[in-house]
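# Structural characterization, general
Read off the chains here:
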Amino acid sequence: MKRLHLPPQIVRLVLLTIGIVGSYLVARYFLTPPSFGEYGWYRGSALAELASRDQVYAGTKACDECHSEEYQKLLGNSHKTLSCEGCHGPSKAHADNPDVKPEILNYSHCVRCHEANPSRPKWHKQIVARDHYTGDRCTECHLPHQPSEAP
Amino acid sequence: MKEPVSRRSVLRKISAALAGLATLPVAKTAQAAVQKILVSASLPRGYDPKKHKWVMAIDANRCIGCGLCAEACKRENHVPEGPFFRTWIERYIIAKPKEGSGEARGETFVDSPNGGMHGFPEPPVPKEDIQHSFFVPKLCNLCERSPCTQVCPVGATFDAPDGAVLIDPKYCIGCGFCIQACPYGCRFLSPVTKTAEKCTLCYHRITRGLRPACVEVCPTQARIFGDLMNPLPEDPIQRFYQDNRVQTLKPHLGTGPRVFYAGIDKEVR
């Protein structure tokens, strides 16, 4: 068998190419995350990382576990579509540990939805707060969980 | 010159090949060690992204502009302070046409002070000059053919199989191409992480069987969230379609949004 004699510059070029391609393949082998391409041309475990974030809002179901009496009152009245945490504030910490109190309720919260505004839909009940009542709290006359009943 | 094949050279070659084979498991272990750093979390048990298709419907007729959704989004997702929003509310005010102008509608005013989080100030037009006014909640439009993912140079943003358009924060280099590409202005560059951020549909909530925070707190059910693959009994999305004439934003761009709107005017973009 006759040995093939290549010019030295060609040998160097071939070796260099093998070196570059080889180091790329080695780097790719080590650095490509295993989940890459699981769902598409991206890192599949990114989904899991985004899904592993902590909640801040617990959800009404969690409130219902302990405060079902209040929740049933709410469901039986015109505020039934409201979520607990809309008024009481985010309560995941409170749901995990009842000793952690949720945010203190702001009694001027009602006007956030019910202050008259020409952009609000007509079906929505609205008041001009300063003409409506000048006292401290809406709850002096209204029950937030049962707005259509007088206290 | 030809070397004779000796016993020694053959043995040397065989042992080299064996050593080469032995490095494979070593390489595998090393690879696993490297990748352990890159992989940390797993999806909640029982959640398969291929078995869901999330959609959002917005009934603007029901939006009262209270801003609870924008505020809940900010708190749930730790969105940085300042003009950065994953969801926000826009107020549209369409004035009456000027007398004798021969037009049907007047000028349109759009504003969203602080994303509508803390309500809206007095309208810029006197009340009696307003022809029509309404609120429109905005968020990522969950495009079927999302322009933002097409322009990402590092493949950091992608369309998840369940319909959410997400960003891999570890891959994002913060170049901002996607922010320019989004025709709905739904992305921003976070001053904290220096990466692009956007609505994830509260991915950490929907994968645990909860609703996104904005849908959770909406007091009038203006936001409706659903799964096209697993419709609920009396599916709210189907009812939304039955009860309304539904449209999407900027349909002429061909992005195929999966956020559907009812009760908005052509002025809304």
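Reading the values: rules and limits
- Residues numbered from 1 in each chain as written.
- Chains lettered and ligands numbered in written order.
- Predicted model: local features only at pLDDT ≥ 70, side-chain atom pairs only at ≥ 80, totals over all residues.
- Helix = DSSP H or I, 4+ residues; strand = E, 2+ residues; numbered from the N terminus.
- Rg over C-alpha atoms; globule rule 2.2 N^0.38 Å.
- Buried ≥ 20, exposed ≤ 12 C-beta atoms within 10 Å, placed from the backbone.
- Pairing = 2+ DSSP bridges.
- Contact = placed C-beta atoms within 7 Å.
- pLDDT = per-residue confidence, 0-100.
- Core = buried A, V, L, I, M, F, W, Y, C linked by C-beta atoms within 7 Å.
- Domains from an automatic or database assignment.
- Axes fitted to C-alpha atoms, helices over the stretch in contact; angles between N-to-C directions.

On a plain count of helices and strands, chain B comes out with seven helices and eleven strands. For chain B, whose C-alpha radius of gyration is 27 Å, the value lies well above the compact-globule estimate of 18 Å for 269 residues. The dimensions of chain B, computed from C-alpha atoms along their principal axes, are 105 × 45 × 35 Å. In chain B, which comprises 269 residues, the proportion classed as buried is 38%.

A word on the sheet that holds strand E11 (residues 259-262) of chain B. A sheet is described by the order of its strands in space; here four strands give the open sequence E9-E1-E11-E10 (chain B), paired in mixed fashion. The open sheet has two free edges, formed respectively by strand E9 (223-227) and strand E10 (246-247) of chain B, since each of these has just one partner strand.

All names here are of chain B. Bridge count between strand E1 (residues 54-59) and E11: four bridges; the pairing is parallel. Counterpart to alanine 57 in the pairing with E11 is phenylalanine 260. Where E10 meets E11, two bridges bridge the pair, whose relative direction is antiparallel. Opposite valine 246, over in E11, you have alanine 262 as the bridge partner.

Once that is clear, we can look at unusual backbone geometry. Residues and elements named next belong to chain B. Positive phi, normally seen in glycine, also occurs at glutamate 234, with a value near 55°. Looking at the element boundaries, glutamate 234 is found in the loop between E9 and helix H7 (236-243). Residue classification places glutamate 234 among the exposed residues on the basis of 7 C-beta atoms within 10 Å. For lysine 250, which is not glycine, the phi torsion reads 45° and is therefore positive. Mapped onto the fold, lysine 250 is located in the loop between E10 and E11.

What follows deals with helix H2 (residues 68-76) of chain B. The buried fraction of H2 of chain B is high, at eight of nine residues. Taken together, the buried positions of H2 of chain B are occupied by Leu68, Cys69, Ala70, Glu71, Ala72, Cys73, Lys74 and Glu76 of chain B. Looking at the buried side of H2 of chain B, the elements it contacts are helix H5 (84-88) of chain A together with strand E2 (88-95), strand E4 (130-138), helix H6 (213-217) and E9 of chain B. Backbone geometry just after H2 of chain B places histidine 78 of chain B at a positive phi near 50°.

It is worth spelling out the confidence of the model for chain B at this point. Summing up the model confidence of chain B, the mean pLDDT is 91 and the portion of residues at 70 or higher is 96%. Across the interface, the model reports ipTM at 0.85; the global pTM reads 0.86.

Attention shifts here to the nonpolar core. The biggest cluster of nonpolar side chains holds 69 residues, and the ones touching the most others in it are Ala60, Cys69, Ala72, Ala164, Leu166, Tyr203 and Cys214 of chain B. Two domains each put at least three residues into this core: domain 1 (8-51) and domain 2 (54-104) of chain A. Discounting chain neighbours no more than four positions away, the residues touching cysteine 69 of chain B are Thr87, Pro137, Cys214, Val217, Cys218 and Arg223 of chain B.

Residues and elements named next belong to chain B. Judged by pairing direction, the sheet is antiparallel, and its three strands sit side by side in the order E3-E2-E4 without closing on themselves. Looking at which strands have only one partner, the edges of the open sheet turn out to be strand E3 (108-111) and E4. On average, each strand axis in the sheet is inclined to that of its neighbour by 15°, with strand direction left out of account. As paired elements, E2 and E4 share eight bridges and run antiparallel to each other. Bridging from a neighbouring strand, arginine 91 pairs with phenylalanine 135 of E4.

This next bit is on the environment of cysteine 148 of chain B. Residues and elements named next belong to chain B. Positionally, cysteine 148 belongs in helix H3 (residues 147-151). A count of 26 C-beta atoms within 10 Å places cysteine 148 in the buried class. Sequence spacing of cysteine 148 and phenylalanine 177 is 29 residues, and the spatial spacing of their C-alpha atoms is 7.6 Å. With residues up to four places along the chain from it excluded, the contact list for cysteine 148 reads Thr157, Val165, Cys178, Ala181, Cys182 and Arg187.

Time to look at the environment of glutamate 149 of chain A. The residue glutamate 149 of chain A is located in the segment after helix H8 (129-132) in this model. Distance in space between the C-alpha atoms of glutamate 149 of chain A and threonine 60 of chain A is 23 Å, their sequence separation being 89 residues.

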